[in-house]
Amino acid sequence: MTHELCKIHRPKTLEQVYGQPDAVKILQGYLKNKRVPHALMFFGPSGTGKTTLARILATELGCEDIDYNEINCAAVESAIDTIRDIRSKMSLAPMSSGCRMWVLDELQSFARAQFSQQALLKMLEDTPKHVYFVLCTTDPEKVIAAIKTRCTKLKLESLPNKDIEALVQKVIKAEKLEVPESVIEQIVDCSEGSARESLVFLDKVMHLES
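Notes on the structure in this doc start here. (Residues numbered from 1 in each chain as written. Predicted model: local features only at pLDDT ≥ 70, side-chain atom pairs only at ≥ 80, totals over all residues. Heavy atoms only, no water.)

On to the overall build of the protein. Helix and strand content of the protein: 9 helices and 5 strands. The C-alpha atoms of the protein give 18 Å as radius of gyration, which agrees with the globular expectation for 210 residues (17 Å, within 12%). Considering only C-alpha atoms, the protein reaches an extent of 55 × 35 × 30 Å along its principal axes. Per-residue burial over the protein gives 46% buried out of 210 residues. Here the analysis covers contacts within the protein between residues at least 6 apart in sequence; of these, 79% occur between residues at least 24 apart. When the accessible area of the protein is evaluated, it comes to approximately 11,500 Å², of which 50% is carbon and sulfur surface. (Helix = DSSP H or I, 4+ residues; strand = E, 2+ residues; numbered from the N terminus. Rg over C-alpha atoms; globule rule 2.2 N^0.38 Å. Buried < 20%, exposed > 50% of the residue type's maximum accessible area, 1.4 Å probe, protein only. Contact = heavy atoms within 4.5 Å. Areas by Shrake-Rupley, 256 points an atom, 1.4 Å probe, with all protein chains shown as cover.)

Have a look at this one:
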């Protein structure tokens, strides 16, 4: 279920991303120098911005919706079939952009499928110049070393409480809500460093009050 506040207030630019200054700075450098790696791995706790950064990167690269593909690896029925489908399409020219991008979220789920990561490895070795891969995982230990060595890795951290509070306060102001400070403190504590969870909790509070 997509919570409305998460959807509405998802960052659209790198400058809007909370709590990941190192990752943002590195991506800004890649874009400025026009040297964005074709295989990136974002790893870190859930709700800290991995797929958000991938979407922003796609926008910065000029990858339009028709050439952007986001796959939840935990939800696919066959990892091998999914990888084969990507391999059959990655050699095709972009349909409306200068590049094509595949974002594989929850990549660690492929660890349960025999040969799936080896098949993915072959795909990363043969990546065309117009293709970018972003691999997202909360558990990099389940990703084979050969894949990790072929990716430029960016670690995302749990957000400090001050950044969670700043995000919550910003959304409260934008939505013209009245939320007691004690409730904001509870939201920050319960979020445990996850920007997404903080907005999920705020969304629940907003609906309770309505």
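Turning our eyes to something else, we now look at helix H3 (residues 50-60). Three- or four-residue spacings in an α-helix give side chains the same orientation, since the helix completes a turn every 3.6 residues. Counting buried positions along H3 gives 8 out of 11 residues, so the element sits mostly inside the fold. Within H3, the full set of buried residues consists of Lys50, Thr51, Thr52, Leu53, Ala54, Ile56, Leu57 and Ala58. Structurally, H3 contributes buried residues whose contacts are with helix H2 (21-32), strand S1 (39-43), strand S2 (68-72), strand S3 (100-105) and strand S4 (131-137). Directly after H3, the chain includes Gly62, whose backbone phi takes a positive value near 80°.

What follows covers helix H8 (residues 181-191). Along H8, the residues classified as buried are Ile184, Ile187, Val188 and Ser191. What you see down the axis of H8 is that its buried residues fit within an arc of 95°, all on one side. Across H8 from its buried face, at more than 90 degrees, point the exposed residues Glu185, Gln186 and Asp189. (Arc of directions from axis to C-beta.)

Taken in spatial order, the 5 strands of this open sheet run S2-S3-S4-S1-S5, and their pairing is parallel. Each of the sheet's edge strands pairs with one partner strand only, and the pair in question is S2 and strand S5 (152-155). Taking the axes of each pair of neighbouring strands and ignoring which way they run, one obtains an average angle of 15° across the sheet. Note that S1 and S4 share 5 bridges and pair parallel. What sits directly across from Leu40, in S4, is Val134. Here H2 sits on the sheet and contacts S1 and S5; the angle it forms with S5, its principal contact strand, is near 145°. (Pairing = 2+ DSSP bridges. Axes fitted to C-alpha atoms, helices over the stretch in contact; angles between N-to-C directions.)

Backbone geometry places Lys176, a non-glycine residue, at a positive phi of 55°. Residue position: Lys176 is located in the loop between helix H7 (161-175) and H8. Backbone geometry at Glu192 places phi at a positive 50°, although glycine is not the residue there. Within the secondary structure, Glu192 is located in the loop between H8 and helix H9 (195-209).

For the rest of this paragraph, the subject is the environment of Val200. By the secondary structure assignment, Val200 is in helix H9. Distance in space between the C-alpha atoms of Val200 and Ile187 is 9.3 Å, their sequence separation being 13 residues.

On to the pairing of S4, then. The element S4 is largely enclosed, with a buried count of 7 among its 7 residues. Residue alternation in S4 divides its side chains into two sets, Val131, Phe133, Leu135 and Thr137 and Tyr132, Val134 and Cys136, and both sets are buried. Pairing geometry for S3 and S4, over 5 bridges, is parallel. Bridging from a neighbouring strand, Arg100 pairs with Val131 of S4.

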